[in-house]
Amino acid sequence: MRATADAARRFHYAPYSGKPGPIVLAAAELVSGTIGGGSNIEIVNLSLTKHAEEVAILSALTNDAQSPGRGRLSAVYVAGLQPCGSCRQFAAEFASDDAIWILEDISQQELRNTSLSKLSDDREPRVVPFADYLPSPFSSFDQAGA
Ligand SMILES: [Zn+2]
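Residues numbered from 1 in each chain as written. Predicted model: local features only at pLDDT ≥ 70, side-chain atom pairs only at ≥ 80, totals over all residues.

Draft legend 1. Molecular detail of the pairing of strand S2 (residues 35-39). Extensive coverage of S2 is indicated by the burial of 5 of its 5 residues. Burial of the side chains of S2 extends over both faces: Ile 35, Gly 37 and Ser 39 are buried on one face and Gly 36 and Gly 38 on the other. Where strand S1 (residues 25-30) lies against S2, 5 bridges are found, and the strand directions are antiparallel. Bridge pairing links Ala 28 to Gly 36 in S2. Connecting the antiparallel pair S1 and S2 is a turn made up of 4 residues, with Gly 33 showing a positive phi of about 100 degrees. (Buried ≥ 20, exposed ≤ 12 C-beta atoms within 10 Å, placed from the backbone. Helix = DSSP H or I, 4+ residues; strand = E, 2+ residues; numbered from the N terminus. Pairing = 2+ DSSP bridges.)

Draft legend 2. Expanded view of the sheet that holds strand S4 (residues 95-104). Taken in spatial order, the 5 strands make up an open sheet running S2-S1-S3-S4-S5, and their pairing is mixed. Each having just a single partner strand, S2 and strand S5 (126-129) make up the two edges of the open sheet. Shown here is a sheet whose adjacent strand axes are inclined to one another by a mean of 20 degrees, direction ignored. Where helix H2 (residues 52-62) meets the sheet, its contacts fall on S1, S2 and strand S3 (73-79), and the angle it forms with S2 comes to roughly 150 degrees. (Axes fitted to C-alpha atoms, helices over the stretch in contact; angles between N-to-C directions. Contact = placed C-beta atoms within 7 Å.)

Draft legend 3. Expanded view of helix H3 (residues 85-94). Among the residues of H3, those classed as buried are Cys 87, Phe 90, Ala 91 and Phe 94. Seen along its axis, H3 keeps its buried residues to an arc of 95 degrees; they face one direction. (Arc of directions from axis to C-beta.)

Draft legend 4. Molecular detail of the packing of H2 against H3. The interhelical angle for the contact between H2 and H3, taken along N-to-C directions, is 20 degrees, at an axis separation of 9 Å. Taken as axis vectors, H2 and H3 run roughly parallel relative to one another. Relative to H3, H2 is oriented so that their crossing is left-handed. In this structure, H2 uses Glu 53, Glu 54, Ile 57 and Leu 61 to contact H3, whose residues at the interface are Cys 87, Phe 90, Ala 91 and Phe 94. Among the residues forming the contact of H2 with H3, the class breakdown is 6 nonpolar, no polar and 2 charged. (Parallel < 35°, antiparallel > 145°, perpendicular 65-115°, else oblique. Left-handed = near helix turned anticlockwise from the far one by under 90°. Nonpolar A, V, L, I, M, F, W, Y, C, P; charged D, E, K, R; others polar.)

Draft legend 5. Fine view of the nonpolar core. With 35 residues, the main nonpolar core has Ala 26, Ala 56 and Val 76 as its most contacted residues. Breaking this core down by element, the ones donating at least two residues are S1, H2, S3, H3, S4 and helix H5 (130-133). The element that contributes the greatest number of residues to this core is S3, accounting for 6 residues. Aside from chain neighbours lying at most four places away, what touches Ala 26 is Ala 5, Ala 8, Gly 37, Gly 38, Ala 52, Glu 53, Ala 56, Val 76, Tyr 77 and Val 78. (Core = buried A, V, L, I, M, F, W, Y, C linked by C-beta atoms within 7 Å.)

Draft legend 6. Molecular detail of the pairing of S4. In this structure, S3 lies alongside S4, joined through 6 bridges in parallel fashion. Across the sheet, the residue bridging to Val 78 is Leu 103, located in S4. Between the parallel elements S3 and S4, the chain passes through H3 in a crossover that is right-handed. Where S4 meets S5, 4 bridges bridge the pair, whose relative direction is antiparallel. When the bridges of S5 are listed, Leu 103 appears paired with Arg 126. (Right-handed = clockwise from strand over helix to strand, strands pointing away.)

As structure tokens, this is what we get:
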């Protein structure tokens, strides 16, 4: 997943968040094995920016043979920043029961200057179950009870 996230570096687009803007690289893997990569894609209205995690998940879902749906997502790898609440909820929509976040602890400076594929194998990312990062996501049950 490091290689897929690193390949998404070419899509990084962050002209509005400062110089240099933050870089986040991500990869999402589906239960089927399909993997998609993503990086942040800003627009002038920063609140509508697409985060790397969302782009990676959408890339995997739209490149898979099956239609998007619940239980399809098995893992999301992220390097650069922690996944925000919006991305946690977005990922939870598609997550399998045992889905995991794979979090690369890497500084912005190191991420800018180092290929993720060249990180040492001894450097293991943190693995966090989805349920630990977002224990009570919105669900259709919540909407039905509103
Ligand atoms: Zn986010």
